[in-house]
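Close look at the chain arrangement
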Amino acid sequence: TWEAIHNRDLTPALQWATHYSDKLEAKHSALEFKLHRLAFMQILSRGIEAQKEAISYARTYFAKFVHRFQKDIQSLMGTLMYLPIGIQNSPYRHLMASEMWIEAADSFIKDACSVLGINKDSPLSVVVNAGCTALPALLNLKQVMLSRQVMGIWNGRDELPN
């Protein structure tokens, strides 16, 4: 599904988000709204002939998000004014940027892992990151101890002193 979002296919992600809608809402997730926003913008990207379809889509899917995303929905409705000249020539062109797709894909991974109760990062990745964070401090500690000639408490196996 993550790959599908990157390939600009929202169908599997929207199906998943609809299935887990209650759990996403309980976690105050914006994922479902972000996916519908992208779908709305995909419709608008087809131009003025898609205006009725876009309005119908907004009426169908945005009503449940009004209480949380009223300003965003108002902005989305503002895009309709710029259909004759094209959204890419309007103040709303950022809504069609590739960053919106990347943000939605990242939100999908984060929220899907949260809803399903799995860790986003692999255990190996967590261990490597922890080691990379801790190792410089430990090496610095060793260097300080060696420079102060506190050799008696440092054993020959490069372990921390007791």
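The structure this text deals with has already been given above.
1. Brief notes about the overall build of the chain
In terms of helices and strands, the chain carries 8 helices and 0 strands. Seen in sequence order, the chain has helices and strands lined up from the N terminus as α-α-α-α-α-α-α-α. Long-range pairs, those at least 24 residues apart, make up 60% of the contacts in the chain with a sequence separation of at least 6. Carbon and sulfur atoms make up 56% of the accessible area of the chain, which totals about 10,500 Å².

2. Description of the nonpolar core
Ile 5, Trp 16, Leu 35, Phe 40, Leu 44 and Phe 62 are the most contacted members of the largest nonpolar core, which totals 38 residues. Listing elements by their share of this core, those giving two or more residues are helix H2 (11-19), helix H4 (31-44), helix H5 (51-61), helix H6 (66-78) and helix H7 (98-116). Setting aside anything within four residues of it in sequence, one finds Phe 62 in contact with Phe 33, His 36, Arg 37, Phe 40, Tyr 57, Ile 73, Leu 76 and Met 77.

3. Re the packing of aromatic side chains
Taken as a whole and assessed by the stated rule, the structure comprises 10 aromatic pairs. For the pair Phe 33 and Phe 69, a centre-to-centre distance of 4.3 Å together with 5° between the ring planes defines the contact as stacked. Taken together, the residues Phe 33 in helix H4 and Phe 69 in helix H6 connect sequence positions 36 residues apart. Each member of the pair, Phe 33 as well as Phe 69, is classed as buried.

4. Brief notes about the side chain of Ser 90
In this fold, Ser 90 is placed in the loop between H6 and H7. Overall, the relative accessible area of 1% leaves Ser 90 in the buried class. Only 3.0 Å separates the side chain of Ser 90 from the backbone nitrogen of Tyr 92, close enough to count as a polar contact.

Calculation rules
Residues numbered from 1 in each chain as written. Predicted model: local features only at pLDDT ≥ 70, side-chain atom pairs only at ≥ 80, totals over all residues. Heavy atoms only, no water. Helix = DSSP H or I, 4+ residues; strand = E, 2+ residues; numbered from the N terminus. Contact = heavy atoms within 4.5 Å. Areas by Shrake-Rupley, 256 points an atom, 1.4 Å probe, with all protein chains shown as cover. Core = buried A, V, L, I, M, F, W, Y, C linked by side-chain atoms within 4.5 Å. Buried < 20%, exposed > 50% of the residue type's maximum accessible area, 1.4 Å probe, protein only. Phe/Tyr/Trp six-rings, centres within 6.5 Å; stacked < 30°, edge-to-face > 60°. Polar contact = N/O pair within 3.5 Å; in protein donor to acceptor, adjacent residues only side chain to side chain.

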